[in-house]
Amino acid sequence: MLATQEKWLPVWDDLAPFRSGDPADVRPKKYVLDMFPYPSGDLHMGHAEAYALGDVVARYWVQRGYNVMHPIGWDAFGLPAENAAIRRGVDPAAWTYENIATQKASMRRYACSFDWDRVLNTCDPEFYRWNQWLFLRLFEKGLAYRKPSLVNWCPNDQTVLANEQVVAGLCERCDTPVTKKKLTQWYFRITDYADRLLDDMAQLEGQWPEKVLLMQRNWVGRSTGADVVFEIEDRDAPVTVYTTRPDTLYGATFFVVAADSDLAAELAVSAPETVGRAFNEYLEQVRQTSEVDRLASDRPKTGVFLERYAINPVNGERLPIYAADYVLADYGHGAIMAVPAHDQRDLDFARAFGLPVVTVVDTGEDDPAGSGIATTGDGAMVNSGPLDGLDKAAAISAIIEILHDKQHGEATVNYRLRDWLISRQRYWGTPIPIIHCLDCGEVPVPEDQLPITLPRSEGLDMKPKGTSPLGGATDWVNVPCPTCEGPAMRDTDTMDTFVDSSWYFLRFLDPNLETAPFDGEQAKEWMPVDQYVGGVTHAILHLLYSRFFTKVLFDLGYVDFTEPFTRLLNQGMVVMNGSAMSKSRGNLVRLSDELVENGVDAIRLSMVFAGPPEDDIDWSDVSPAGSRKFLSRAWRLSGDVTSPVGVDPQGGHAALRKATHHALHEGAHAVETFRFNSMVARVMELVNSTRKAIDSGPGPGDPAVREAAEAVAIMLSLVAPYTAEEMWERLGHPPTVARAGWPEVDESLLVADEVTCVVQVSGKVRARLQVSPSIDEDTLRELALADANVQRSLDGREVRTAIVRAPKLVNFVPA
RNA sequence: GCCCCGGUGGCGGAAUUGGCAGACGCGGCGGAUUCAAAAUCCGUUGCCGAAAGGCAUGAGGGUUCAAGUCCCUCCCGGGGCACCA
């Protein structure tokens, strides 16, 4: 196995069959992209699966005559490098580049069909200078801005997190419960693109897994409703609330403001002193509640009455105002009108605080005041003045019109999506290219000063302490203001590493370009990515951000498409005995061990053959030894062929020729529909047929045997490159089989000259006939009826109906 | 709680539009080869039955000449969302 690697790797390096950058190359282009890895160590089983699957696609399109760009790089910024630095005192850069070298060598041995001329590392200044450049473009457009806000804070990593990076209240990286902190941070205005992120999904329908589209739709969370303006007693300015149920306005019995909102604080200040004290106590308690606890679904409702009142604009009723934590400060306007009869959360609160419940929609269900179950369905409006008798939809439009006329509200849209918080208080990332000047404020770093490279880690205190380690690099931080030359300071935060991956696919077009992040002409030729392959863990994070960046770049005129990834394949995970592999569980399978034991080809084949690519693979169900056995069976075919290279297959053994062309045809179709396991099954069938032909059919000298063996080598080259190359050589061809080309399928060989016709009586199979595929219905019916078994089953009964689907099926229905 | 997606032999999984259920493989069993083992090769392998035949795609019902596939109800598993007004 090792000898085979030693033999072919230099040959492949030399021939570079997957080089894609030749401007004279006339082949049509295709861009196949695997999600790039984080260099945390050597490759593991998960990488082995992902890259085996991506390789099938890339190598297939090369065989089909395309100039396939299949690049690889490293998502090289991020916390593990820094944590290693803290634990072991190594330089994050040195640690990272060492791991990259290890992974790169492993990928080469794993025979990944990457174009090695296009490698990039996001931690190279040549890459991240363009992060800074893009940041400045967004800053100019007002799409990058700083604001104070209550943000997600990971106490373990000592950094802020974007909303997308908090999973069920836990830090996505380290599973530590996330807390909230009031901080001024940098954001990208992704919410400006909420509608387009939703609407452009129409382009992806059928091309992306439905599941991913659904998750993104939920994440953006568009809802339609109305803003309603409420006057507040003893306050000049009114307060606007957002509601999806303006039709229930007459059912509002109280008013709630988010406890942690500025409005709550303000209302409490001008309330009686006892209220102020109670409020402050409550707020303190809310602040100490972790995100995990806050999200617990069965938590009782809590709050404080502020002894203030809002006025219902339609009936002038006084609604008591409460501060509570079930209303979120950063959604809508941070305040709601509460309609306990028709909203479960409001009802729970009303019952806890003894507030009235007024039903305004008669849904025919039990009265919520008694049942404790809010009714949310449709029905006739009651107790609602001019709305009485209308149904939900009519009431919504009627009330919006009324509010609009009185200037008390209007129809609006709201989103669950929040702006993307991109600053991080950590070292190993892209410095934010802003200089803070006391006089000039936030000053962008002039473009000719890019990149702002990271200061050396030596001498910096890397320990997480809530502020960026970059703050300790005084020489680096203190700079003159680019505008006024006065003393100023660099921004010391670094960018979220998801910024890197939001556009890296464009950098592959020319990773060494020094004048721009990418070349527009090349983007026209190659983009968007035709096939993206990666894990479903990025369903929201990376894929949403990349879609956002692409739209921004489109608006800025840098690209002419609005979606970056035309087609998406999510591969599953490799697990062991039903659960994710981990050292602590003791079910870790080491890729390197597997490779030593069974070889690269057998591991790749096992990954591809295990099942559909999107399903998880349980390694305990997989037989790499079986894969190895099959590969040597296939390989042996190539040694048995005795006909000369280039022999005309015409006139060769007809049945085997049909088998070959059938396999090529079905195999191609299987690859194009992501049924890679079925493609392998078709190759296995062809190997079996060829073996039979050699041993007991027309013999090894038949031209059809050579044709079959060559087809096996070519199909196998998608999965098992070493075995395929060995076969190709033994069959008398020069390397490399990767560029041999997919043999043209002879359509005439796809039609069988005899098919099996199933004859049923009352839907049960009673006979099978060998018939010509062109047999006509009448002949087939007579033939079927004449069959002895059919006659026995009919048992003298008359045939009431005969369904004839020539040439494959006849069904007699007796009277 | 809401929304998706699944449930097919001992196991992983096949099955264009409703038309031979179980392709291909793993494992098992039997045999050949071998002093023996490994490797390899051949055969066999859904269940019941001696056979004819019958029964089988989570359970139950329905549509149809015909259902793994379509419709309804339920059970189980996996995933996503979860105070977003």
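Basis of the calculations
Residues numbered from 1 in each chain as written. Chains lettered and ligands numbered in written order. Predicted model: local features only at pLDDT ≥ 70, side-chain atom pairs only at ≥ 80, totals over all residues. Heavy atoms only, no water. Helix = DSSP H or I, 4+ residues; strand = E, 2+ residues; numbered from the N terminus. Contact = heavy atoms within 4.5 Å. Lys, Arg positive; Asp, Glu negative; His and termini not counted. Charge placed at Lys NZ, Arg CZ, Asp CG, Glu CD. Disulfide = S-S within 2.5 Å. Phe/Tyr/Trp six-rings, centres within 6.5 Å; stacked < 30°, edge-to-face > 60°. Buried < 20%, exposed > 50% of the residue type's maximum accessible area, 1.4 Å probe, protein only. Lys NZ or Arg CZ within 6 Å of the ring centre and 35° of its normal. Expected span 1.5 Å × (residues − 1). 1 Å grid on protein atoms, 1.4 Å probe; cavity = no way out; pocket = protein on both sides within 12 Å on 5 of 7 lines; lining within 4 Å. Points joined across faces, edges and corners; volume = space filled by probe spheres on them. Nonpolar A, V, L, I, M, F, W, Y, C, P; charged D, E, K, R; others polar. Salt bridge = Lys/Arg side-chain N within 4 Å of Asp/Glu carboxyl O. Pairing = 2+ DSSP bridges. Axes fitted to C-alpha atoms, helices over the stretch in contact; angles between N-to-C directions. pLDDT = per-residue confidence, 0-100.

## Observations regarding the overall build of chain A
Assigned secondary structure in chain A consists of 26 helices and 34 strands. The principal-axis extents of the C-alpha atoms in chain A amount to approximately 100 × 85 × 50 Å. Restricting the contact set of chain A to residue pairs at least 6 apart, pairs at least 24 apart contribute 72%. Side chains of chain A carry 79 positive and 115 negative charges; the gap between the two charge centres is 5 Å.

## A few points about the state of the cysteines
For the structure shown, the criterion picks out zero disulfides. Considering cysteine sulfurs only, Cys437 is the nearest to Cys481, which forms no disulfide, with 3.7 Å between them.

## What about the packing of aromatic side chains?
A full pass over the atoms with the stated rule returns 40 aromatic pairs. With a centroid separation of 6.0 Å and an interplanar angle of 80 degrees, the aromatic rings of Phe305 and Tyr309 are classed as edge-to-face. Judged by centre distance (6.0 Å) and plane angle (70 degrees), the ring pair of Tyr504 and Phe505 falls under edge-to-face. As far as the burial class goes, Tyr504 and Phe505 line up, both buried. Through a chain of ring-to-ring contacts, the aromatic side chains of Phe135, Phe139, Trp186, Phe188, Tyr193, Trp420, Phe498, Tyr545, Phe548 and Phe549 assemble into a single cluster. Its guanidinium or amino end placed over the ring of Tyr326, Lys301 lies 5.3 Å from that ring's centre, counting from NZ or CZ. Seen from the ring of Trp219, Arg416 lies directly overhead, with NZ or CZ sitting 4.5 Å from the centre.

## Details of helix H23 (residues 703-716)
Along its 14 residues, H23 runs 20 Å from first to last C-alpha, staying within 8% of the 20 Å computed at 1.5 Å per residue. Among the 14 residues that make up H23, 14 are buried, leaving the element largely enclosed by the rest of the structure.

## So, empty space enclosed by the protein
In total, this model carries two cavities of 30 Å³ or more according to the counting rule given. Roughly 40 Å³ of volume is contained in the largest cavity. Forming the boundary of the largest cavity are Val57, Tyr60, Trp61, Gln531, Arg567, Val671, Glu672 and Phe674. Every element with two or more residues in the lining of the largest cavity is listed here: helix H2 (45-63) and helix H21 (654-672). Looking at the lining of the largest cavity, the element that brings in the most residues is H2, giving three residues. For the lining of the largest cavity, the per-class residue count stands at five nonpolar, one polar and two charged. Counted as a void, the second largest cavity has a volume near 30 Å³. Considering the residues around the second largest cavity, the lining is formed by Glu666, His669, Ala670, Arg675, Ser678 and Arg682. The set of elements that each furnish at least two residues to the lining of the second largest cavity consists of H21 and helix H22 (676-696). Per-element accounting of the lining of the second largest cavity gives the leading share, three residues, to H21. Residues of the lining of the second largest cavity, tallied by class, amount to one nonpolar, two polar and three charged.

## Regarding the pattern of salt bridges
Side chains carrying opposite charge are able to pair once their charged atoms draw close together. This model, assessed by the stated rule, comprises 37 salt bridges. Two residues, Glu726 and Lys7, come together in a salt bridge whose shortest N-O distance is 2.9 Å. Separated by 719 residues along the polypeptide, Glu726 in helix H24 (residues 721-730) and Lys7 in helix H1 (residues 2-15) bring together distant segments of the chain. Residue Lys7 is classed as partly exposed on the basis of its relative accessible area, which comes to 33%. Salt-bridge contacts for Glu729 lead to Lys7; the nearest nitrogen and oxygen are separated by 2.7 Å. One end of the pair, Glu729, is in helix H24; the other, Lys7, is in helix H1, with 722 residues separating them in the sequence. With a relative accessible area of 37%, Glu729 lands in the partly exposed category. Connected through shared salt-bridge partners, Asp200, Arg547, Lys551 and Glu563 make up one network.

## Quick notes on the pairing of strand E13 (residues 303-311)
Strand direction decides the pairing type here: strand E10 (residues 223-232) and E13, joined by two bridges, are antiparallel. Residue pairing for E13: Ile232 is matched across the bridge by Ala310. Pairing between E13 and strand E14 (residues 318-324): six bridges, direction antiparallel. Bridging across to E14, Tyr309 finds its partner in Pro320. Where E13 hands over to E14, the hairpin turn is made up of six residues, of which Gly316 adopts a positive phi near 70 degrees.

## Digging into the sheet that holds strand E26 (residues 531-535)
Taken together, four strands build an open sheet; the order of strands is E2-E1-E26-E27 and the sheet is parallel. Because the sheet does not close on itself, it has two edges, and the strands there are strand E2 (67-69) and strand E27 (568-571). Here the average twist between neighbouring strands, direction ignored, is 20 degrees. As paired strands, E26 and E27 are joined by four bridges and run parallel to one another. Bridging from a neighbouring strand, Tyr532 pairs with Leu568 of E27.

## Thoughts on helix H3 (residues 79-88)
Every buried residue of H3 is accounted for by Leu79, Ala81, Glu82, Ala84 and Ala85. Lining the buried residues of H3 we find helix H4 (92-109). Just past H3, the residue Gly89 takes up positive phi, approximately 70 degrees.

## Looking at the confidence of the model for chain A
Residues of chain A with pLDDT of at least 70 account for 99%, and the chain-wide mean is 91. For this predicted complex, the interface score ipTM comes out at 0.95, alongside a pTM of 0.94.

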